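# Tertiary structure, described
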Amino acid sequence: MSERFVRQLEELHVELITMGSLCEKAISLSAKAIQGEGGMTLIGKIFETEKEIDAQEREIENLCMKLLLHEHPVAGDLRSISAALKMISDMERIGDQAADIADLSKHIEDKAVTGNSINIRKMAEDTVRMVTESIDAFVKGDLELCRQVINDDDKVDNAFNEIKEKLVEILSSGSPDARLGLDILMAAKYFERIGDHAVNIAEWVEYSITGVHRSSASHTDNYLTGE
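Heads up: these notes are all about the structure in this document. Bear in mind that the values here come from a model prediction, so they are computed numbers and not experimental data.

About the criteria used
- Residues numbered from 1 in each chain as written.
- Predicted model: local features only at pLDDT ≥ 70, side-chain atom pairs only at ≥ 80, totals over all residues.
- Heavy atoms only, no water.
- Helix = DSSP H or I, 4+ residues; strand = E, 2+ residues; numbered from the N terminus.
- Buried < 20%, exposed > 50% of the residue type's maximum accessible area, 1.4 Å probe, protein only.
- Contact = heavy atoms within 4.5 Å.
- Areas by Shrake-Rupley, 256 points an atom, 1.4 Å probe, with all protein chains shown as cover.
- Expected span 1.5 Å × (residues − 1).
- Axes fitted to C-alpha atoms, helices over the stretch in contact; angles between N-to-C directions.
- Parallel < 35°, antiparallel > 145°, perpendicular 65-115°, else oblique.
- Nonpolar A, V, L, I, M, F, W, Y, C, P; charged D, E, K, R; others polar.
- Left-handed = near helix turned anticlockwise from the far one by under 90°.
- Salt bridge = Lys/Arg side-chain N within 4 Å of Asp/Glu carboxyl O.

## Some points on the overall build of the protein
- The helix and strand inventory of the protein stands at seven helices and zero strands.
- Reading the secondary structure of the protein in the N-to-C direction produces α-α-α-α-α-α-α.
- Counting all 227 residues of the protein, 49% fall into the buried class.
- Intrachain contacts of the protein at a sequence separation of at least 6 include 82% that bridge at least 24 residues.
- When the accessible surface of the protein is split by element, carbon and sulfur atoms take 49% of a total near 11000 Å².

Written out as structure tokens, the structure is:
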């Protein structure tokens, strides 16, 4: 393995950590926005962060292509680079969904509905942790950590179901604003999807370590490794 290849792999890890940090920022800011904090200034920051995530995706994609075309990696290194290409696609979608939540927040003004009874902040915190840990698992080659992320998806799914039931209860009690309830439900659904993307990232980390992907084990491995 050449020194240049080792250096570029290290650069790939750094770039992935940077992109993951941007995703964490976008999720955290969107959670504040949906709860009526920060106004249009905060929403603008989310859109700016989403653009940074898009730019970071292109940067990492170019680096991965250089590694594939110029260094001709094999076995585990090939899997790591291939997994990174898949991971950044999910991270880009996380940025998109954070921006979608920011859009919804423009129409949500009733802080009573987005207060303690609708705990979207906790759901967002769980998804931030999942994204952080999935990237950490890739950089550290930590199989146990990436499997923990996959298992933690149940927490986010349960939180979404609790929010959905609470909104049904609020609207059934005579709340006049069905549109508000739908906007909050959509925001919760976006957070739930972000959790799904974190799981996708973790599954590709698992593949990069083991050579087996949960959804299409032998086909995916054979396709990406040429075996």
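## Details of unusual backbone geometry
- Backbone geometry places Ala-75, a non-glycine residue, at a positive phi of 50 degrees.
- Checked against the element boundaries, Ala-75 lands in helix H3 (residues 75-105).
- Assessed through its relative accessible area of 43%, Ala-75 is described here as partly exposed.

## Some remarks on helix H4 (residues 120-140)
- If you check H4, its first and last C-alpha atoms are 30 Å apart, about what 21 residues at 1.5 Å a residue would give, namely 30 Å.
- Backbone geometry just after H4 places Gly-141 at a positive phi near 65 degrees.

## Overview of the side chain of Glu-192
- Structurally, the position occupied by Glu-192 is in helix H6 (residues 178-210).
- Setting aside chain neighbours within four positions, we find Glu-192 in contact with Met-123, Val-156, Asp-157 and Phe-160.

## With respect to the packing of H3 against H6
- At a minimum axis distance of 9 Å, the contact between H3 and H6 shows a crossing angle of 175 degrees. As summarised for this structure, H3 and H6 are arranged roughly antiparallel, according to the angle between their axes.
- Partitioned by chemical class, the residues of the contact of H3 with H6 number 17 nonpolar, seven polar and seven charged.

## Here's the deal with the packing of helix H2 (residues 39-71) against H3
- In the contact formed by H2 and H3, the axes pass within 9 Å of each other and the chain directions differ by 165 degrees. One finds that H2 runs roughly antiparallel with respect to H3. As for the relative orientation of H2 and H3, their crossing is left-handed in sense.
- Within the contact of H2 with H3, the residues separate by chemical class into 17 nonpolar, three polar and seven charged.

## Describing the pattern of salt bridges
- Under the counting rule described, the total for this entry stands at 11 salt bridges.
- Notably, a salt bridge pairs Asp-126 with Lys-122, separated by 3.0 Å at the nearest N-O pair. Residue Asp-126 and its partner Lys-122 are both found in helix H4; the two are separated by four residues, about one turn of the helix.
- Using a relative accessible area of 6% as the deciding quantity, one classes Asp-126 as buried.
- The partner of Arg-129 in a salt bridge is Asp-152, and the shortest N-O contact between them spans 3.5 Å. With Arg-129 in helix H4 and Asp-152 in helix H5 (residues 143-172), the pair connects residues that are 23 residues apart, well separated along the chain.

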